[in-house]
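As a plain string of letters, each chain reads:
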Number of protein chains: 2
Amino acid sequence: MAARATPGQRTSPAAEAWSLMYELLGAYGRRRVVAVASELELSPPQVMALKMLEPGRPVPMRELARALHCDNSNVTGIADRLEDRGLVERRGADHDRRVKLLCLTPEGEDLRERLWELLSRPPEPLGRLAPADQRALRDIMRRALRASG
Amino acid sequence: MAARATPGQRTSPAAEAWSLMYELLGAYGRRRVVAVASELELSPPQVMALKMLEPGRPVPMRELARALHCDNSNVTGIADRLEDRGLVERRGADHDRRVKLLCLTPEGEDLRERLWELLSRPPEPLGRLAPADQRALRDIMRRALRASG
DNA sequence: TATTGTTATACTCTATAACTATA
DNA sequence: TATAGTTATAGAGTATAACAATA
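Here's a quick rundown of the structure. (Residues numbered from 1 in each chain as written. Chains lettered and ligands numbered in written order. Predicted model: local features only at pLDDT ≥ 70, side-chain atom pairs only at ≥ 80, totals over all residues. Heavy atoms only, no water.)

Turning our attention to the environment of Gln134 of chain A. Mapped onto the fold, Gln134 of chain A is located in helix 8 (residues 131-146). Judged by relative accessible area, Gln134 of chain A falls into the buried class, the value being 13%. Residues within four places of Gln134 of chain A in sequence aside, it is in contact with Leu126, Gly127 and Leu129 of chain A together with Pro13 and Ala14 of chain B. At a separation of 3.1 Å, a polar atom in the side chain of Gln134 of chain A contacts the main-chain carbonyl oxygen of Leu129 of chain A. (Helix = DSSP H or I, 4+ residues; strand = E, 2+ residues; numbered from the N terminus. Buried < 20%, exposed > 50% of the residue type's maximum accessible area, 1.4 Å probe, protein only. Contact = heavy atoms within 4.5 Å. Polar contact = N/O pair within 3.5 Å; in protein donor to acceptor, adjacent residues only side chain to side chain.)

Printed below as a string of structure tokens:
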């Protein structure tokens, strides 16, 4: 959509690629997060929080706040609701009694596995690409993100 | 981030490409919308609404609702706040007196132009790619989205 | 003094349902 | 009857500021 509204001849290849990617993600990325969230009866931020919580690796709440690009105070409420549903637990950290760690419950691990599978399946337009295009796309994306952290 | 947490050898090229794209967009796409919104003192949905409103092409509110993937009733509030700031106007439609059309004011057009420029600039990782990679990426994305509507 | 997490507050988004005025 | 937009309501996200406990 972005690409179509901008005159094609003025845009650089990178800019056009970007707006096409934006279009793909607008159509399949965010919409998918919302769809997955609704299917699992979660909110989008709750989905992103669960996505961050790898099994067996408790995460300080402030780290979650940074990952979600939001204030610490928001994580309190998000964690509250996940805890109410029995998906995560708060635990104290040994080395610093101010810190609280979030970790998945067994139910949380199960839900996260379903969530992960739903999110990581590539969307139709990519799946339809010729295998050579798929590999080329992967390689270009690897090069783009290689040095960016 | 998505790619890293999934074992590389199990993922197909399309799936890995997808998660790398997801990573790029997570880092630069949504964050950029939020940053642009905050710079222009708008909310993200307001940004998306302005993005949809091409100058000289009034849009029925229900169409905006569909484009934003939200209920009609939400558009009322979003349009209210844009109208309060003098960026859009409501106008009646000739053929159907139930319909209200949103159109940009001159101020809205100016703001939309700045907005569009901020959003369409490709992110660093794409800009750093070799020109041949940029063109290849653009061509693959064109092929992927060509038949998808 | 600075940091972690919480609480309180205010604003926005979002869906649902009920309403109006049209069609 | 169905549709476009509004209103009312409720739940969630978000930022800011103030706070307690800890470092």
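Residue and element names in this part refer to chain B. Burial runs high along strand 3 (residues 100-104): four of the five residues are buried. Judged from the two bridges that link them, strand 1 (residues 59-60) and strand 3 form a sheet pairing that is antiparallel. Residue pairing in the sheet places Val59 in a bridge with Leu102 of strand 3. Of the strand pairs in this sheet, strand 2 (residues 88-92) and strand 3 are connected by five bridges, and their pairing is antiparallel. (Pairing = 2+ DSSP bridges.)

Before going further, it helps to examine the interface of chain A and chain B. Taken together, the contact pairs 48 residues of chain A with 48 residues of chain B. Regarding the contact of chain A and chain B, the summed buried area is about 4,800 Å², with carbon and sulfur atoms giving 72% of it. On the chain A side of the contact with chain B, Trp18, Tyr22 and Leu145 of chain A bury the most area, a combined 15% of that side's loss. The interface formed by chain A and chain B contains four salt bridges. Arg142 of chain B is the partner of Glu16 of chain A in a salt bridge, and the nearest nitrogen-oxygen pair spans 2.7 Å. Put simply, chain A and chain B have seven residue pairs in polar contact (both at pLDDT 80 or more) between them. Sorting the residues of the side of chain A that touches chain B by element identifies helix 1 (2-5), helix 2 (13-39), helix 3 (44-52), helix 6 (106-120), helix 7 (124-127) and helix 8 of chain A as the ones contributing at least two each. (Buried area = accessible area lost by both parts, 1.4 Å probe. Salt bridge = Lys/Arg side-chain N within 4 Å of Asp/Glu carboxyl O.)

The subject of this paragraph is the sheet that holds strand 3 (residues 100-104) of chain A. All names here are of chain A. As summarised here, the arrangement of the three strands in space is 1-3-2, forming an open sheet in which the pairing is antiparallel. A single partner strand is all that each edge strand has here, and the edge strands are strand 1 (59-60) and strand 2 (88-92). The strands touched by helix 5 (residues 72-84) within the sheet are strand 2 and strand 3, with strand 2 carrying the most contacts at an inclination of about 120°. (Axes fitted to C-alpha atoms, helices over the stretch in contact; angles between N-to-C directions.)

Under the fitted operation, chain A is carried onto chain B by 0.0 Å of movement along the axis and a turn of 180°, and the coordinates agree to an RMSD of 0.1 Å. Put plainly, the chains are arranged around a two-fold axis. Minimal C-alpha distance to the rotation axis in chain A is attained by Leu137 of chain A, lying at 3.3 Å. The fraction of interface residues of chain A whose copies in chain B are also interface residues reaches 100%, indicating that both copies meet through the same surface. (Least-squares fit on C-alpha atoms with pLDDT ≥ 70 in both.)

Residues and elements named next belong to chain B. Pairing is antiparallel across the open sheet formed by three strands, whose spatial order is 1-3-2. Edge strands, defined here as strands with exactly one partner in the open sheet, are strand 1 and strand 2. In the packing of helix 5 (residues 72-84) onto the sheet, contacts are made with strand 2 and strand 3, and the angle to strand 2 comes to roughly 120°.

For any two helices packed against each other, one specifies the inter-axial angle together with the distance between the axes. Residues and elements named next belong to chain B. At their nearest, the axes of helix 3 (residues 44-52) and helix 5 sit 10 Å apart, and the two run at 80° to each other. By the angle class used here, helix 3 and helix 5 are roughly perpendicular. Contact residues: Pro45, Gln46, Ala49 and Leu50 in helix 3; Ile78, Arg81 and Leu82 in helix 5. Among the residues forming the contact of helix 3 with helix 5, the class breakdown is five nonpolar, one polar and one charged. (Parallel < 35°, antiparallel > 145°, perpendicular 65-115°, else oblique. Nonpolar A, V, L, I, M, F, W, Y, C, P; charged D, E, K, R; others polar.)

Before going further, it helps to spend a moment on the protein's contact with DNA strand D. Residues in contact with DNA strand D amount to 21 residues; listed here are only the nearest, Ser43 and Arg81 of chain A together with Arg62, Thr76 and Arg98 of chain B. Of everything in DNA strand D that lies within 4 Å of the protein, sugar and phosphate atoms constitute 71%. Within the backbone of Met61 of chain B, one N or O atom sits 3.2 Å away from a phosphate oxygen of DNA strand D. Between Lys100 of chain B and DNA strand D, the recorded distance is 2.9 Å, taken from a backbone N or O atom to a phosphate oxygen. When residues of the surface near DNA strand D are traced back to their parent elements, those giving at least two are helix 3 and helix 5 of chain A together with helix 4 (61-67) and helix 5 of chain B. (Near = heavy atom within 4 Å.)

Here we take up unusual backbone geometry. Residues and elements named next belong to chain B. Residue Glu41 is not a glycine yet carries a positive backbone phi of 60°. Its location among the elements puts Glu41 in the loop between helix 2 (13-39) and helix 3. In the Ramachandran plot, His69 falls in the positive-phi region, its phi being about 55° despite a non-glycine side chain. Structurally, the position occupied by His69 is in the loop between helix 4 and helix 5.

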